[in-house]
Amino acid sequence: MDPFIEIFIYLLLGASAGLLAGMLGVGGGVIVVPGLIFVFEGLRVFDKPVLPSNSLVLFAVGTSMASIIFTTGTAAVVHYRRRTINWSLVQLWVPCLVLGALVASLIAQYIPVQYLKSIVATVILVLATVMLLNRLPKVKSAAPKKWIPFTLTSSGGLVCGLAGLGGGPVMVPSLLTYKTPVPQATATASVGAFFLSMFATTGYVITGFHLNVPNSFGYVYLRALIPIVLMSTVFAPLGVRLGQKLSKLLFMRIFGVLMMIVSLRLYYTILIA
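Residues numbered from 1 in each chain as written. Predicted model: local features only at pLDDT ≥ 70, side-chain atom pairs only at ≥ 80, totals over all residues. Heavy atoms only, no water.

Student: Is there a simple way to explain the overall build of the protein chain in this structure?
Tutor: Scanning the protein chain from terminus to terminus reveals ten helices and two strands. Intrachain contacts of the protein chain at a sequence separation of at least 6 include 85% that bridge at least 24 residues. For the protein chain, the exposed surface amounts to about 11,800 Å²; the carbon and sulfur share of it is 70%. (Helix = DSSP H or I, 4+ residues; strand = E, 2+ residues; numbered from the N terminus. Contact = heavy atoms within 4.5 Å. Areas by Shrake-Rupley, 256 points an atom, 1.4 Å probe, with all protein chains shown as cover.)

Student: What exactly am I supposed to notice about the packing of helix 3 (residues 55–82) against helix 9 (residues 222–243) here?
Tutor: Packing of helix 3 against helix 9 leaves a shortest axis separation of 9 Å and a crossing angle of 25°. Judged on the interaxial angle alone, helix 9 and helix 3 are roughly parallel. With respect to the hand of their crossing, helix 3 and helix 9 are arranged in right-handed fashion. Packed against helix 3, whose contacting residues are Thr63, Ala66, Ser67, Phe70, Thr71, Thr74, Ala75, Val78, His79 and Arg82, the element helix 9 presents Ala224, Leu225, Ile228, Val229, Ser232, Thr233, Ala236, Pro237, Val240 and Arg241 at the interface. In the contact of helix 3 with helix 9, the residues fall into eleven nonpolar, seven polar and two charged. (Axes fitted to C-alpha atoms, helices over the stretch in contact; angles between N-to-C directions. Parallel < 35°, antiparallel > 145°, perpendicular 65-115°, else oblique. Left-handed = near helix turned anticlockwise from the far one by under 90°. Nonpolar A, V, L, I, M, F, W, Y, C, P; charged D, E, K, R; others polar.)

Student: What's the story with the environment of arginine 223 in this structure? I'm lost.
Tutor: Mapped onto the secondary structure, arginine 223 falls in helix 9. By relative accessible area, which is 32% here, arginine 223 ends up partly exposed. Between the C-alpha atom of arginine 223 and that of threonine 63, which follows or precedes it by 160 residues, the distance is 9.7 Å. Only 2.9 Å separates the side chain of arginine 223 from the side chain of glutamate 6, close enough to count as a polar contact. (Buried < 20%, exposed > 50% of the residue type's maximum accessible area, 1.4 Å probe, protein only. Polar contact = N/O pair within 3.5 Å; in protein donor to acceptor, adjacent residues only side chain to side chain.)

Student: Quick question: what am I supposed to make of the environment of glycine 42 here?
Tutor: Mapped onto the elements, glycine 42 comes out in helix 2 (residues 29–43). Here the alpha-carbon distance between glycine 42 and aspartate 2, two residues 40 residues apart in the chain, equals 9.7 Å.

Student: Even after reading the chapter, I still don't get the nonpolar core, so can you show me in this structure?
Tutor: Formed by 77 residues in total, the largest nonpolar core has its most connected members in Tyr10, Leu36, Phe40 and Phe251. In this structure, phenylalanine 40 is in contact with Tyr10, Val45, Phe46, Leu56, Phe59, Ala60, Tyr221 and Ala224, ignoring residues within four places of it in sequence. Ranked by size, the runner-up nonpolar core spans five residues in total, among them Ala66, Val205, Val220 and Leu225. (Core = buried A, V, L, I, M, F, W, Y, C linked by side-chain atoms within 4.5 Å.)

Student: Just checking my understanding: could you explain the side chain of threonine 84 for this structure?
Tutor: Mapped onto the elements of the fold, threonine 84 is located in the loop between helix 3 and helix 4 (87–107). Apart from residues lying up to four places away in sequence, threonine 84 is in contact with His79, Pro183, Gln184, Ala187 and Gln244.

Student: Just to check I follow, could you spell out unusual backbone geometry for this structure?
Tutor: Across residues other than glycine, the phi torsion is negative in most instances, and most of the peptide bonds are trans. Unusually for a residue other than glycine, arginine 83 sits at a positive phi of about 60°. Tracing the backbone through its elements, the reader meets arginine 83 in the loop between helix 3 and helix 4. One non-glycine residue, asparagine 215, lies in positive phi territory at about 60°. Among the structural elements, asparagine 215 can be located in the loop between helix 8 (182–207) and strand 1 (216–217).

Student: Can you help me understand a nonpolar patch on the surface in this one?
Tutor: Taken together, the side chains of Leu99, Val103, Leu106, Ile107 and Tyr110 present a nonpolar region at the surface, about 480 Å² in accessible area. Mapped onto the fold, tyrosine 110 is located in the loop between helix 4 and helix 5 (113–132). Residue tyrosine 110 is classed as exposed on the basis of its relative accessible area, which comes to 65%. (Patch = residues over 30% accessible without salt bridge, like charges linked within 9 Å, V, L, I, M, F, W, Y side chains within 5 Å. Salt bridge = Lys/Arg side-chain N within 4 Å of Asp/Glu carboxyl O.)

Below, the structure is given as structure tokens:
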């Protein structure tokens, strides 16, 4: 792959991730992970015999997680200034999300590459279907029982950690189900994704620290990370402003269509492998 095209794709991924992080609270991983898998397959940097067979996906996921630290951090600052973050929701939903993601980063290296791709694609497809059909579970109370946030976020954090997602695809639909306004849902998801990505990135760095791959730090590929971060931090505030203007139904439609496209693209890469 031509270096100019490679860097251009990284910049485009960063701009898209920033918009999504600000507008939908998803961290941008739904775009960054499939995009990096596509680029890395073209580069063939991670096809060396000395590397684990699932290295390509692990580098895509680890790099995505590292980029989410900056993307959602920027979005969270903007949400904080707008006073849309519900800190009681943060305290209730985020800790177990982080725990699940940390566990995922430590076990991901033992999962075959096609299984990892399948996990990413299936999680995104299910959530896309729920959002597109507006089939969020009906609840009578806005205050869930304590075991519900624990179950949703710990299992969701585990899956998002394996898929390189920031937690937004789990937190946003869950918070909307419990009658949280869209601005608070996206703001809370941004904070959750920030903490999730910090711990998950630490795990991916530790588990890949022994690898000898140029321009990398553990399972984080710095050559891709830097341009992605530069663009995402610029576009995240714009995404926040756009997200504040969306109705709940339009928000769910955009969210669902985006994730459906990404999921189908991933399934395609699995079938042609």
